[in-house]
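Structural overview for review
Spelled out, the chains give:
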Amino acid sequence: MNEEMLLELRGVSKRFGATLALDQVDFDLRPGEVHGLVGENGAGYHSEHEGDIILRGKKVRFSSTRDALAQGIGMIYQELSVIKTLTVAENIFLGDPPVTKVGIVNWARMNREADEHLKQLGLHNVNVRTELSNYTVATRQMIEIASVIFSGADIIIMDEPTSALSHNEVERLFDFIRVLKSQKKGVVFISHFLDDVLGISDRITVLRNGKKVMTVNAKEVNKPYLTTAILGKQDSVELVRRVQPTKKTDTPVLEIRNLHRSRFLHGINFTVSKGEIVGVFGSMGAGKTQLAECLFGVVRADEGEIRLDNKLVKIRNTSHAKQMGIAYVPANRQATLFQGNEIYKNITISHLGNICPNFVKQTLEVVAATSQIKSLGVRPPDPSRVVASLSGGNQQKVVLAKWLTIPPKVLLLNDPTRGMDVGAKQEVMEIVEGLREKGVATIIFSTEPELLMAYADRVVILNRGHQMADLPNQDVTKDILLSYS
Amino acid sequence: MATQKITAPKLTKNPGQGMNLARMFRRQARALTPFFTLLILVIFFSIFSQGHRFATPENFRNILQQAAALAVMATGITYVLLLGEIDLSIGGVATASGVISSWLLVSLNAPGWLCAVIGVLVGVLVGLINGLVIAKIGVPSFMTTLAMGTVTTGLAVFLTKGRPIFDVPEVAATLGTGTLGPIPIIILVAIVVMFLGWLVARYTRFGRYVYMVGGSREAAQLSGVNSKNITIAVMVISGMLAGLAGVVNTGRLGSANPDIFKDATLDTIACVVLGGTSLFGGVGSVASTGIGLLVFGVLKNGLNLVY
């Protein structure tokens, strides 16, 4: 190990409440290397930790992410932290624009330098004067990375960078990362998409329960091997297809007939029966979220019928949908939770009227919430903890929990496992499977073929608002899904 | 998969391990600062007021009496701010309510109690219009209520031709000037309103919804909470309390004056924010509004009494 390391962690532990998020972890990063990190969510730089962090040969401590950036480490989060209403150049110079002698912003210089910088990184098709909102998520992400590099970072940590990207966009991101490599930047690539990690990383470190399991050369391993390493001794459950005959009961719960919403949905037709899981597959912008929001009363359909238990219904608003037994878990977890509030308040909000009819009683709420926390395995199981401090998987369980105090008739899950590690994913899907046994009619909206192939009895394929197919599980293959969408 | 077992629901007030005073203080700063401000002000004025006229029972009663009408309005505004909205019409509503009740009494010879009730109902009606326009049409509350404030003030000036009406319903006079033992009834009215307001915000389902909708409208909607109805209800409460404050205040002054609440809107909002309630929703309480009112009242009164 004589080669000079950009970054080295020696025996770093990080405590998060009662749980040990990192336990004696060693990690290192060479210049011009992509180091994949898989296994557990919640990596990041926090001020309170034990162990040594050695940056370019010197021992350092970071007091904040800002401090880390000042020392050359840039973090790209799952939820982008760019400002969409500013131009590309403004985002790159964020907080520190060049000024003229009289103290006003030197736009010409700012635009010129931003442009040069982006070209250097191979981003030739970006106009620095354009507002960022005009670009796709993928481009915005690259601009954010460019901005971090511009402020002097030579170590880039990416947290789930591919979770919102299409296949082609992932390729573009990888090309971009290769440019970074050629410029001797070090990249830490944190992701639960093992294909992506294998596709771009030089080395891969696997964490399990906060402990480092191994660091391997990416070329020497494959996906099944990594999955086993992440899950430990359990059988490698890479979301295998359940070859189980559908327990469809032929009692239709939700029927959707010829549903239209201008620009977004064009004639959607399918039925969900009691105890059935129907998958709705489509890429970003296919109309999945629009369909889910129509069914939950967030937006209204222009045309078509929705029948619930054989009765024609008009869903007026979300509270009406809730009263009829429809529950919705949206894709954007951040927006669904009251981040500053306690877990128990987040769980009881949906069925507060049933938990404590008129006067709120904390004890009743906590009892109701605790039983959900237990049955769904929310960790840490402390109802008074603020939701913002939970990991993505556990936040998702809280979102599920609030709908399960009174089991719904119809459960709409929009991208339920987005940004989760394999373990959390499986836990969440086990909960969904459990609900199927209770007769809940479930629709899973997803961009992940594997997820739907593993859990859905039927898969409806959407493409730009059009329904392309409605296939039973045994006829669904990844190729078919991708070719239709 | 190590599932931690929990035996009984327990609430740890302070998650995390280290519990030191400094951290606790920082967390409570929002709630405690207004209280210490009040304490310091009281001490300051007690020492520096002319002839020590500040720290007397009569003066304290004065302060409370003057703050009473404001307190009734501030209770409503607390709800509005908790929801993340604003109500700029309360000054106008209070004026119009007072003027209309006196005007009905003088020009139509209607029974006093009916005039007072109609005065309050004017507030309810304006609140309802505010709420419907905000929730159903989607006009921002800032604009809606600013406009309604102008409309109601205009109505009051129109009815009185700009001059005070020197007659008020008997109920209003009793509530405004009567005493129960040594305590002015108007103070009791304020205390009862604030207590009920505190109770509803803290212990009812409706109160919880107000906090949650204020905390995140989108999350509330996605949790199946009808945030539109909550908005309408809160605007009605605010309008109703402004109406009540207007009617009671005419009683206190013995006349309905079209420009008596000129500064009341912003004064009220100032009191609520001084108490620690956020202008952006979700954070605050009626109790802290009480402290805010006292800070405001003490400051206004005390500054007149120093050298």
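Scoring rules and cut-offs
Residues numbered from 1 in each chain as written. Chains lettered and ligands numbered in written order. Predicted model: local features only at pLDDT ≥ 70, side-chain atom pairs only at ≥ 80, totals over all residues. Helix = DSSP H or I, 4+ residues; strand = E, 2+ residues; numbered from the N terminus. Buried ≥ 20, exposed ≤ 12 C-beta atoms within 10 Å, placed from the backbone. Contact = placed C-beta atoms within 7 Å. Rg over C-alpha atoms; globule rule 2.2 N^0.38 Å. Domains from an automatic or database assignment. Pairing = 2+ DSSP bridges. Axes fitted to C-alpha atoms, helices over the stretch in contact; angles between N-to-C directions. Core = buried A, V, L, I, M, F, W, Y, C linked by C-beta atoms within 7 Å. Nonpolar A, V, L, I, M, F, W, Y, C, P; charged D, E, K, R; others polar. Parallel < 35°, antiparallel > 145°, perpendicular 65-115°, else oblique.

Focus on the overall build of chain B
Across its full length, chain B holds 12 helices and 2 strands. Of the regular secondary structure in chain B, the N- to C-terminal order runs α-α-α-α-α-α-β-β-α-α-α-α-α-α. When its C-alpha atoms are laid out on the principal axes, chain B stretches across 80 × 55 × 30 Å. Each of the 307 residues in chain B was classed as buried or not, and the buried ones make up 52%. Relative to all contacts within chain B whose residues are 6 or more apart in sequence, the contacts with residues 24 or more apart total 80%.

Remarks on the overall build of chain A
A tally of regular secondary structure across chain A gives 17 helices and 20 strands. A compact globule built from 485 residues should have a C-alpha radius of gyration of about 23 Å, and chain A, at 24 Å, falls within 12% of that. Considering only C-alpha atoms, chain A reaches an extent of 70 × 50 × 45 Å along its principal axes. Taking all 485 residues of chain A together, 44% fall into the buried category. In chain A, the share of contacts with a sequence separation of at least 24, taken over all contacts with a separation of at least 6, comes to 68%.

Some points on the domain arrangement of chain A
Domain annotation of chain A identifies domain 1 (7-231) and domain 2 (252-484). Using C-alpha coordinates to define each centre, domain 1 of chain A is positioned 31 Å away from domain 2 of chain A.

Examining the sheet that holds strand β3 (residues 34-38) of chain A
Residues and elements named next belong to chain A. Here we have 6 strands laid out as an open sheet, ordered β6-β7-β8-β3-β9-β10, and mixed in their pairing. Across the chains shown, the open sheet's two edge strands, defined by having one partner strand only, are β6 (73-76) and β10 (211-217). The mean angle between the axes of side-by-side strands here comes to 20 degrees, regardless of whether they run parallel or antiparallel. The pairing of β3 with strand β8 (residues 186-190) spans 4 bridges and is parallel. Its bridge partner lying in β8, L37 is registered against I190. Where helix α4 (residues 137-150) meets the sheet, its contacts fall on β6 and β7 (155-159), and the angle it forms with β6 comes to roughly 165 degrees.

Concerning the nonpolar core
Grouped together as the largest cluster of nonpolar side chains are 163 residues, with contacts concentrated most on L412(A), V72(B), M73(B), V210(B) and V248(B). Top element by residues in this core is helix α2 (residues 57-82) of chain B. It accounts for 15 residues. Those residues within four positions of V248(B) in sequence are excluded, and the remaining contacts are A69(B), V72(B), A172(B), L175(B), G176(B), I186(B) and V189(B). Listed in part, the 58 residues of the second largest apolar core include L22(A), A89(A), I155(A) and L194(A).

Thoughts on unusual backbone geometry
Cis geometry marks the peptide bond from R379(A) to P380(A), where omega comes out at -5 degrees. Inspection of the secondary structure puts P380(A) in the loop between α13 (362-376) and α14 (392-404). Phi is positive for H52(B), close to 50 degrees, though the residue is something other than glycine. Looking at where H52(B) falls in the secondary structure, it is placed in the loop between α1 (21-48) and α2. For N109(B), which is not a glycine, the phi torsion comes out positive at approximately 55 degrees. With respect to the helices and strands, N109(B) occurs in the loop between α3 (90-108) and α4 (112-137).

Some thoughts on the interface of chain A and chain B
The interface of chain A with chain B comprises 35 residues on the first partner and 23 residues on the second. Elements represented by at least two residues in the side of chain A that touches chain B include exactly α9 (318-323), α10 (333-336), α12 (352-355) and α13 of chain A. Across the side of chain A that touches chain B, the residue classes tally to 16 nonpolar, 13 polar and 6 charged.

A look at the pairing of strand β12 (residues 265-273) of chain A
Residue and element names in this part refer to chain A. As judged from the 7 bridges shared by strand β11 (residues 252-261) and β12, these two strands associate in the antiparallel manner. Among the inter-strand pairings, I256 is bridged to a residue of β12, identified as F270. Two successive antiparallel strands, β11 and β12, enclose a turn made up of 3 residues, where R263 displays a positive phi of approximately 75 degrees.

A closer look at the environment of Y455(A)
Within the secondary structure, Y455(A) sits in helix α16 (residues 449-455). Other than its neighbours up to four places away in sequence, Y455(A) contacts I277(A), M429(A), V432(A) and I444(A).

Description of the packing of helix α7 (residues 185-203) of chain B against helix α8 (residues 205-215) of chain B
All names here are of chain B. The geometry of α7 relative to α8 is characterised by a closest axis approach of 5 Å and an angle of 75 degrees between their N-to-C directions. Taken as axis vectors, α7 and α8 run roughly perpendicular relative to one another. Across from V200, A201, R202 and Y203 in α7, the residues of α8 making contact are F206, G207 and V210. For the contact of α7 with α8, a count of residues per class yields 5 nonpolar, 1 polar and 1 charged.

Here's the deal with the environment of N317(A)
Mapped onto the fold, N317(A) is located in the loop between β15 (311-313) and α9. When the 18 C-beta atoms within 10 Å are taken as the criterion, N317(A) is described as partly exposed. Placed 21 residues apart in sequence, N317(A) and F296(A) show a C-alpha to C-alpha distance of 7.3 Å. Among residues more than four places away in sequence, those in contact with N317(A) are G297(A) and N226(B).

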